[in-house]
Amino acid sequence: MTLIETSPYTNKIKNGSSHQERQEQQKQETLDFIPALHVKDVYKSFDYKISKNNGSSKITNYDHISSEQQQLLSNSTRSFRTSHEVLNGVDLKIREGEFVTIVGPSGCGKSTLLNIIAELDKPDSGSLLIRGTVNDINNALSTKRIMIFQESALFPWLNVQENVEFGLRIAKVHKERRRQIADKYIEMVGLSKFSESLVYQLSGGMKQRVAIARALAIEPEVLLMDEPFAALDVQTRDLLHEELVGIHKTTGKTILFVTHNINEAILLGDRVIVLSSVLKDIKKEFQIDIPRPRDPESPELYEIKKQVLREFEGDLQIAKRK
Ligand SMILES: Nc1ncnc2c1ncn2[C@@H]1O[C@H](COP(=O)(O)OP(=O)(O)O)[C@@H](O)[C@H]1O
Ligand SMILES: [Mg+2]
């Protein structure tokens, strides 16, 4: 699966420049073309234990059962182990500064993929390259890929400022510098007036803004977002879409944003990746060159939506049969 076009730089070598200059230029262009993130041939299955007792079957996630419990179960029931394949060789390259959205129906493996990228989970095989370097769990790259979840996972006993400073405190950034950085991002998400507020005093939308500021404060190479606005009301979500587009423009961050909502995916992404639970792989990608902010009612976006929906068809048939 090729997900990236040929480098736009390859034909840009200037005529008449010296051999050495050309070599330097080529070297630079190769560097320019290294993806910020390359998910390479990733496979992932989950193991389950199915126990049959008096004709009824019970599926249990195998990993969550202690060996003693397994022994007890196998004494009283017939059981066998099965595997549920979720990702079947996913290969995805993301350019520096690109805003990529991944869309697919519930259960197709979006969170699994994002968890692997964030190193919250391990693939069965395949690798992760960050700016061309094979990921190694010992080189602390994971702090450079920060995940924002549907539930903001903030610390309720800390105020907004302290939450945003948290990662910097861990990284032992000096107090004054910490405050400076936090102030910058709290302002960027429009919460300057609330920096002393405790998290439980904030609305859902404000909490997600704090989560975004907290993630940006540690200057991640890639911002990973797993359905971050799914629990918000429509108006708040629309507002946060606009703000996220603004933040992407200001910071130039590479963003990988997962959603089951097609409208959201096509409104935000430079590129929309359709993940399929039938293929357990990427089914199609759409490059969207319409400038942001985009009008959700525009005919061009409607046309793209129809095409994305068409890619969903196989998955929807399966959902109906379930
Ligand atoms: N920790 C886990 N143990 C067992 N099965 C899991 C686990 N996490 C996810 N799955 C299964 O993998 C599939 C994909 O899940 P997920 O990645 O959460 O989908 P999505 O985010 O697209 O809704 C689902 O069938 C889910 O039940
Ligand atoms: Mg999910």
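Whatever comes next refers back to the structure up there.
Below: a short report on this structure. For clarity, every value in this text was computed on a predicted model and none was experimentally measured.

1. Quick notes on the overall build of the protein
Argument step 1. A count of helical and extended segments in the protein gives nine helices and 11 strands.
Argument step 2. Here the protein holds 322 residues, and the buried ones make up 31% of them.
Argument step 3. Partitioning the intrachain contacts of the protein with sequence separation of at least 6 by distance along the chain shows that 73% fall at a separation of at least 24.

2. Points about the packing of helix α5 (residues 175-188) against helix α6 (residues 204-217)
Argument step 1. Relative to each other, α5 and α6 sit at 140°, their axes nearing to 9 Å. Overall, the two elements α5 and α6 adopt an arrangement that is oblique. Along this stretch, α5 crosses α6, giving a crossing that reads as right-handed. Only Ala213, Leu216 and Ala217 of α6 make contact with α5, whose side of the interface consists of Ile181, Ala182, Tyr185, Ile186 and Met188.
Argument step 2. Taken together, the residues of the contact of α5 with α6 sort by class into eight nonpolar, no polar and no charged.

3. Examining the nonpolar core
Argument step 1. Grouped together as the largest cluster of nonpolar side chains are 64 residues, with contacts concentrated most on Ile117, Tyr185, Ala213, Leu224 and Leu256.
Argument step 2. Sorting elements by how many residues they give to this core places α6 first, with seven residues.
Argument step 3. Among all residues touching Leu256, those that are not within four sequence positions of it are Ile94, Val100, Ile102, Ile117, Val222 and Leu224.

4. Topic: the site of ligand 1
Argument step 1. Neighbouring ligand 1 are 11 residues; Phe46, Ser106, Lys110, Ser111 and Thr112 lie closest to it.
Argument step 2. Broken down by element, the residue count for the shell around ligand 1 peaks at three residues, all from helix α3 (residues 110-117).
Argument step 3. Looking at the shell around ligand 1 residue by residue, the class counts come to three nonpolar, seven polar and one charged.

5. So, the pairing of strand β5 (residues 125-130)
Argument step 1. Bridge analysis of β5 against strand β6 (residues 133-134) gives two bridges, and the strand direction is antiparallel. Bridge pairing links Ile130 to Thr133 in β6.
Argument step 2. Counted between consecutive antiparallel strands, the loop separating β5 from β6 contains two residues, among which Arg131 sits at a positive phi close to 45°.

6. Examining the sheet that holds strand β7 (residues 145-148)
Argument step 1. Taken together, the six strands give an open sheet; going across it, the order is β7-β8-β9-β4-β10-β11, and neighbouring strands pair in mixed fashion. Two strands bound the open sheet, and with one partner strand each, they are β7 and β11 (281-287). Geometrically, the sheet is characterised by an average inter-axis angle of 20° between neighbouring strands, direction not taken into account.
Argument step 2. Here strand β4 (residues 99-103) pairs with strand β10 (residues 271-276) via four bridges, running parallel. Bridged to Val103 within β10 is Val274.

7. A short note on the environment of Ala36
Argument step 1. Relative to the elements of secondary structure, Ala36 occurs in the loop between α1 (19-32) and β1 (37-53).
Argument step 2. Residues within four places of Ala36 in sequence aside, it is in contact with Ile94, Arg95, Glu96, Arg131, Glu221, Val222 and Thr254.

8. Re α3
Argument step 1. In terms of residue burial, α3 counts as a mostly covered element, since seven of its eight residues are buried.
Argument step 2. Among the residues of α3, those classed as buried are Lys110, Ser111, Thr112, Leu113, Leu114, Ile116 and Ile117.
Argument step 3. Taken from the residues just after α3, Glu119 is the one with a positive phi, measuring 65°.

9. Regarding the environment of Glu162
Argument step 1. With respect to the helices, strands and loops of the structure, Glu162 is situated in helix α4 (residues 160-170).
Argument step 2. Residue classification places Glu162 among the partly exposed residues on the basis of 19 C-beta atoms within 10 Å.
Argument step 3. Between the alpha carbons of Glu162 and Arg178 there is a distance of 9.7 Å; along the sequence they are 16 residues apart.

10. Description of the packing of α4 against α5
Argument step 1. Orientation of α4 relative to α5, taken along the N-to-C sense of each, is 125°, at an axis distance of 9 Å. Overall, the two elements α4 and α5 adopt an arrangement that is oblique. When the axes of α4 and α5 are compared, the crossing they make is right-handed. Judged by residue contacts, Val160, Gln161, Val164, Glu165, Leu168 and Arg169 of α4 engage Arg178, Ile181, Ala182, Tyr185 and Ile186 from α5.

11. Some points on unusual backbone geometry
Argument step 1. Cis geometry marks the peptide bond from Arg292 to Pro293, where omega comes out at 0°.
Argument step 2. Note that Pro293 resides in the loop between β11 and α9 (299-321).
Argument step 3. With a phi close to 45°, Asp41 is a non-glycine residue in the positive phi region.
Argument step 4. Mapped onto the elements of the fold, Asp41 is located in strand β1.

Quick notes on the rules
- Residues numbered from 1 in each chain as written.
- Chains lettered and ligands numbered in written order.
- Predicted model: local features only at pLDDT ≥ 70, side-chain atom pairs only at ≥ 80, totals over all residues.
- Helix = DSSP H or I, 4+ residues; strand = E, 2+ residues; numbered from the N terminus.
- Buried ≥ 20, exposed ≤ 12 C-beta atoms within 10 Å, placed from the backbone.
- Contact = placed C-beta atoms within 7 Å.
- Axes fitted to C-alpha atoms, helices over the stretch in contact; angles between N-to-C directions.
- Parallel < 35°, antiparallel > 145°, perpendicular 65-115°, else oblique.
- Left-handed = near helix turned anticlockwise from the far one by under 90°.
- Nonpolar A, V, L, I, M, F, W, Y, C, P; charged D, E, K, R; others polar.
- Core = buried A, V, L, I, M, F, W, Y, C linked by C-beta atoms within 7 Å.
- Near = placed C-beta within 6 Å.
- Pairing = 2+ DSSP bridges.

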